[in-house]
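Summary of the model geometry
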Amino acid sequence: MKLVRFGDSGQEKPGLLDSNGQIRDLSGVVGDLAGDALGPESLNRLKQIDPETLPLIEGSPRLGAPVGVVPKFLGIGLNYRDHAEETGLPIPEVPIVFAKASSCVSGPNDPVLAPAAFKRMDYEVELAVVIGSRAKNVSVEDALDYVAGYCIGNDVSERSLQKGGPGEWIKAKSHDSFGPLGPWLVTTDEIPDPQALDLSLDLNNARMQTGNTSTMIFSVADLVSYISQYMTLVTGDVITTGTPPGVGMARNPRVFLKPGDEMVLRVQGLGEQHAKVAADA
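Structure report, in brief. (Residues numbered from 1 in each chain as written. Predicted model: local features only at pLDDT ≥ 70, side-chain atom pairs only at ≥ 80, totals over all residues. Heavy atoms only, no water.)

Glycine aside, negative phi is the norm for most residues, and most peptide bonds take the trans geometry. For the peptide bond that leads from Gly182 to Pro183, omega is 25°, which places it in the cis range. Across the junction of Asn252 and Pro253, the peptide omega takes the value 5°, indicating a cis bond. Relative to the elements of secondary structure, Pro253 occurs in the loop between strand E17 (238-240) and strand E18 (262-267). With a phi angle near 55°, Asn137 is a residue other than glycine that sits in the positive phi range. For Asn137, the location among the structural elements is in the loop between strand E10 (125-131) and strand E11 (147-154). The class for Asn137 is partly exposed, based on a relative accessible area of 47%. If you check the backbone angles, Ser177 has positive phi at about 85° while not being a glycine. Along the chain, the position of Ser177 falls in the loop between helix H4 (169-172) and strand E13 (179-180). (Helix = DSSP H or I, 4+ residues; strand = E, 2+ residues; numbered from the N terminus. Buried < 20%, exposed > 50% of the residue type's maximum accessible area, 1.4 Å probe, protein only.)

Shown next as structure tokens:
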């Protein structure tokens, strides 16, 4: 299934895509795509529904993030070997885990806001993992059983905060709109191997990032298992799994985001994000 949330910000309704790629309204079945609605029992029930029996949504409504409540938003640093190499940093021996504030979550096509003081905003196309079941001390072999599905993530970062001064990653990565997710949450039955997905990011029609999840240092299963040893993962938690090479700070000359820029992010099987950078009011 491809699950979506559509409507004005803060008033999104749950939906799913039918065989023609049109949105069908799920609000008569579940209140939101959050909490228990993302658990395995609920997802199995939703899979039994004939989309043609659900109300058709006309037009092209705004899409919100496909997860209604994100209790924890975690990221992984330097998880692609070629990205670690382009930054000049050593290959990690264990996953580098950081947090983004859940308040940074936004829709896949919403504006990415640029505060006037942020001069080194960067982009990062990533495979995002959405947790579907409570996971604590799970094995690598069982880890994917705890995943509800996958979506595209853009780990927007202000590099001056991440790399300069105290280097506090959570401040660099948590401004409003710095966590676009979607357009869809694609359930695991449609993505049998999360380690075989192409990723790309275009900025103003120029290709900046190209990669494949097969080159991750730590797989999705590795990451879910590893993180679950240190904190309990719960339904709706999101893990962005690292980015391939081509980020703005590693280019020569460097390329940073500015108002008016347009990004297109793609992950194989997960759709596209189209976002424009806008000055923060």
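Let us keep going from here.
Now for the pattern of salt bridges. Counting across every chain of the model gives 20 salt bridges. The shortest N-O distance in the salt bridge between Arg24 and Asp18 comes to 3.0 Å. The exposure class assigned to Asp18 is buried, which follows from its relative accessible area of 7%. It is possible to trace a salt-bridge network through shared partners that takes in Lys100, Asp122, Glu124, Asp155, Arg159 and Lys173. (Salt bridge = Lys/Arg side-chain N within 4 Å of Asp/Glu carboxyl O.)

Another aspect to go through is the nonpolar core. Grouped together as the largest cluster of nonpolar side chains are 67 residues, with contacts concentrated most on Leu3, Val224, Ile239 and Met263. It is E10 that contributes the most residues to this core, 6 residues altogether. Setting aside residues no more than four positions away along its own chain, Met263 makes contact with Val112, Tyr123, Asn154, Asp202, Leu203, Leu257, Gln273, His274, Ala275 and Val277. Listed in part, the 6 residues of the second largest apolar core include Phe6, Leu17, Ile23 and Ile57. (Core = buried A, V, L, I, M, F, W, Y, C linked by side-chain atoms within 4.5 Å. Contact = heavy atoms within 4.5 Å.)

Turning next to the side chain of Thr187. Relative to the helices and strands, Thr187 resides in strand E14 (residues 185-187). A polar side-chain atom of Thr187 sits 2.8 Å from the main-chain amide nitrogen of Met1. (Polar contact = N/O pair within 3.5 Å; in protein donor to acceptor, adjacent residues only side chain to side chain.)

With respect to the helices, strands and loops of the structure, Val264 is situated in strand E18. Look past the residues within four positions of Val264 in its chain and what remains in contact with it is Ser200, Leu201, Asp202, Glu272, Gln273 and His274.

Of all 5 residues in strand E1 (residues 2-6), 4 are buried, a share of seventy percent or more. Here E1 pairs with E14 via 2 bridges, running antiparallel. Its bridge partner being in E14, Leu3 is matched across the sheet by Leu185. In sequence, E1 turns back onto strand E2 (residues 13-17) through a hairpin of 6 residues, with Gly7 there showing a positive phi of about 120°. Two strands pair when backbone bridges link them, and E1 and strand E4 (residues 63-64) are joined in this way by 2 bridges, in the antiparallel orientation. Across the sheet, the residue bridging to Phe6 is Leu63, located in E4. (Pairing = 2+ DSSP bridges.)

Within a regular beta strand, the side chains point alternately toward one face of the sheet and then the other, so they alternate between its two faces. Of all 8 residues in E11, 8 are buried, a share of seventy percent or more. With 2 bridges connecting them, E11 and E14 associate as antiparallel partners. Paired with Tyr150 across the bridge in E14 is Val186.

To continue, consider the packing of aromatic side chains. Taken as a whole and judged by the stated rule, the model has 3 aromatic pairs. With a centroid separation of 5.0 Å and 65° between ring planes, the pair formed by Phe98 and Trp169 is classed as edge-to-face. Here Phe98 is found in strand E6 (residues 96-100), whereas its partner Trp169 is found in helix H4, with 71 residues between them in sequence. Given a relative accessible area of 24%, Trp169 falls into the partly exposed group. Considering the side-chain rings of Tyr226 and Tyr230, the 5.1 Å spacing of their centres and the 50° angle between planes classify their relative orientation as tilted. One residue, Lys100, lies across the ring of Phe73, its end atom 5.7 Å from the ring centre. (Phe/Tyr/Trp six-rings, centres within 6.5 Å; stacked < 30°, edge-to-face > 60°. Lys NZ or Arg CZ within 6 Å of the ring centre and 35° of its normal.)

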